[in-house]
Structures are given as C-alpha cells and as structure tokens.
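Remarks on the overall topology
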Amino acid sequence: MEIFAVIIIILVMVIVVLSVIAVMQIKLAGMEVKDFWSFIKANDTLDKLYAFALKYDRLSPQQQVLFLEEAEKIFSAFEKVPDALWEEEYEKYMRILDKYKDIKIVRWELSSKE
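Model, not experiment: these values are computed from the prediction.

Turning to the environment of Val-81, a few remarks are in order. With respect to the helices and strands, the residue Val-81 is situated in the loop between helix H3 (61-79) and helix H4 (90-113). Once you skip the residues sitting within four places of it in the chain, Val-81 turns out to touch Met-31, Asp-35, Phe-39 and Trp-86.

Looking now at helix H2 (residues 33-55). Along its 23 residues, H2 runs 34 Å from first to last C-alpha, staying within 8% of the 33 Å computed at 1.5 Å per residue. Buried within H2 are the following residues: Asp-35, Phe-39, Ala-42, Asn-43, Leu-46, Leu-49, Tyr-50 and Ala-53.

With that settled, the discussion passes to the pattern of salt bridges. For the structure on display, the rule yields five salt bridges. Here Lys-92 makes a salt bridge to Asp-47, at a shortest N to O gap of 2.8 Å. You can see Lys-92 sitting in helix H4 and its partner Asp-47 sitting in helix H2, a full 45 residues away along the chain. We classify Asp-47 as partly exposed; its relative accessible area is 31%. Residues joined in a network through salt bridges with shared partners are Asp-47, Glu-89 and Lys-92.

Rules and cut-offs
- Residues numbered from 1 in each chain as written.
- Predicted model: local features only at pLDDT ≥ 70, side-chain atom pairs only at ≥ 80, totals over all residues.
- Heavy atoms only, no water.
- Helix = DSSP H or I, 4+ residues; strand = E, 2+ residues; numbered from the N terminus.
- Contact = heavy atoms within 4.5 Å.
- Expected span 1.5 Å × (residues − 1).
- Buried < 20%, exposed > 50% of the residue type's maximum accessible area, 1.4 Å probe, protein only.
- Salt bridge = Lys/Arg side-chain N within 4 Å of Asp/Glu carboxyl O.

What follows is the structure, given as structure tokens:
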C-alpha cells in the first residue's frame, strides 16, 4: 500500500511539473494561457469551417451570418498567437478568409441594391 501511495505522489508531482513547464513555454512564446487555449479551440473550429467551405458554394443568409461569426472568432484567436504556431493551418486559414471575403462582398452588394 505504501508503494502505491508513493507512486501516486510521484505521478502527481510529474503532472504538476509538466504543467508548469507548459505554462512557462506558453509565456516565453509571448502568449497568455487563455489566448493559447482559445487558439486550440479555434483550430478545431477552423477544421470544421474549412470542410464546410469546401462542401458548400452557396449559403443561405442564415448560414452566411453563422459562417461570418465563426470566422471572426477564428481570426481573433489566430491573431493572438505567433504565426509559427499555425503555419500548418495556413492553407485552411486562407480558404476560410477567402470565403469570408466573398460572403462580405455578396452581402455588401445586396445591401447596396436595397
């Protein structure tokens, strides 16, 4: 039983040390932990929006609004982290940005006709 307790204590200490090291690395990169966490969540959303952008060429007005809102959240999160962190996602980011611009232009054209 004592060995089990010692192993648990060692594992907890290792987890704490690894957590502190991770936070220090994030801070050394010039980010806040909450910004890094929002980037992780935005990265997941980026994958979903990318698949959505590839699948659908035309969106309903409601879908356009939702797409624009989610894209703006992604852009905000990606601006807060260094570019080197999301180099692998650059193509997806640019595809979402292009779709975002296209929707904005279409919505602007529709609103200017009215």
